[in-house]
Amino acid sequence: MKTLKLALMGFGNCGRAFAEMLMQKQPDIIERYNTEVLVSVITTRSRGNLVNPGGINLARALEELKEKGRFKSDVSSKGAQEIIETEDYDVLVEMTPLNIFTAEPATTYIRTAFARGRHVISANKGPVAWHYRELRNEAQDKGLCFFHETVVMDGAPVFNLVENTLKLAKVTEISGILNSTTNFILEELARGCKYDDIISRGREMGFIEEDSAMDIEGYDAAGKITALANVLMDADLTPEMVDRKGIEDITIEDIRQADARGKVIKLICRCALENGKAKAYVRPEEIDKADLLASINSTTSIVSITTDLMKKTSIVEHEPEIEQTAYGVFGDVLRVIENE
């Protein structure tokens, strides 16, 4: 039986949900792929770093975090970068917090893994938004996997759809509602809820961060449309090249006036070819209530992909939980096994 060792960089909600999923599905992986997937490294910002070449006891690690707030067993004194440079793993699973302005330290972690001949799975849109072409080319040159299904719409198979199903179809436009936080806020404003109450409730529900400006001002959406354009259209864009406008200036009165015209306001992302060059924007738009986009409510997201051969195809992800994000990582692990 083969063994595949993972290094989990980051062990927040997604990382822990992935660990639970891996433990649950390990017998199925062994049966189908004749491969045992072990986690040999876990790094965190403040709860300790774990190293065990023979495989970390995931159940124990999760229990220690739950009871003590820190790891107690297999703890390493090395920092994250040193661990990536020296420890034993086959696949780097990069799940560190997003920095949409620098894509660091995630990009450095990925480059370090590639330099050691290791495959990479990224759940971080930063490197894909800022350095995708370079990272893709390095992986291809070295015969390594670089998978990143989770960076847009959690585990929904957006990149897999184009790569594996829409073969030889050229993507000419990508559009959709990619930031569920702003979608939720606009919907609640339309119901007459106060802005501060909406933000507080969203934080209690766990999908609005303490610093909500990344969502509200369109940075997250810009990162997502850039990542999509880079992978699906080979656009070689960066987030700063996106014409970005968030919902920070949208008022209840704006929403009421749109409603009187039979429309709703949504934060729309779009990238299309103009004279052969990819142009992207993020901005609030009035959408006719009969349009499919108008029905995308709460924390649901949608992406529409237009190609020369299949025209327009849409994927809707309905109110995802953290398990959907974890599944994106899990699916990429299976893809690595299939490509080994």
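The preceding data block contains the structure.
Being a predicted model, the structure only gives us computed values, none of them experimental.

### Observations regarding the sheet that holds strand β6 (residues 119-122)
Strand pairs in the sheet, formed through backbone hydrogen bonds, run parallel or antiparallel to each other.
At step 1: Read from one edge of the open sheet, 7 strands run β4-β3-β2-β1-β5-β6-β7, paired in mixed fashion. The open sheet is flanked by β4 (75-76) and β7 (146-147), the only strands paired with a single partner.
At step 2: Bridge count between strand β3 (residues 49-51) and β4: 2 bridges; the pairing is antiparallel. Residue Asn49 lies in a different strand from β4, and its bridge partner there is Ser76.
At step 3: Seen against the sheet, helix α12 (residues 322-339) touches β1 (2-9), β2 (35-43), β5 (91-94), β6 and β7 and runs at an angle of roughly 160° to β6.

### Here we look at helix α8 (residues 195-205)
At step 1: Within α8, burial applies to Ile198, Ile199 and Gly202. Along the axis of α8, the buried residues cluster in a sector spanning 95°; they form a single face. When the buried face of α8 is taken as reference, the exposed residues oriented beyond 90 degrees from it are Asp196 and Glu204.
At step 2: Lining the buried residues of α8 we find α7 (180-190) and α9 (213-216).
At step 3: Just downstream of α8, Gly206 is the residue with a positive phi angle, here 95°.

### Focus on the nonpolar core
At step 1: With 66 residues, the main nonpolar core has Leu92, Phe146, Val158, Ile225, Leu228, Leu232 and Val303 as its most contacted residues.
At step 2: Top element by residues in this core is helix α10 (residues 219-233). It accounts for 9 residues.
At step 3: When neighbours within four sequence positions are excluded, Leu228 is seen to be in contact with Val152, Val158, Phe159, Ile174, Leu178, Met233 and Val303.
At step 4: Core analysis: the second largest hydrophobic core is formed by 34 residues, Ile29, Val39, Val329 and Phe330 among them.

About the thresholds
- Residues numbered from 1 in each chain as written.
- Predicted model: local features only at pLDDT ≥ 70, side-chain atom pairs only at ≥ 80, totals over all residues.
- Heavy atoms only, no water.
- Pairing = 2+ DSSP bridges.
- Helix = DSSP H or I, 4+ residues; strand = E, 2+ residues; numbered from the N terminus.
- Contact = heavy atoms within 4.5 Å.
- Axes fitted to C-alpha atoms, helices over the stretch in contact; angles between N-to-C directions.
- Buried < 20%, exposed > 50% of the residue type's maximum accessible area, 1.4 Å probe, protein only.
- Arc of directions from axis to C-beta.
- Core = buried A, V, L, I, M, F, W, Y, C linked by side-chain atoms within 4.5 Å.

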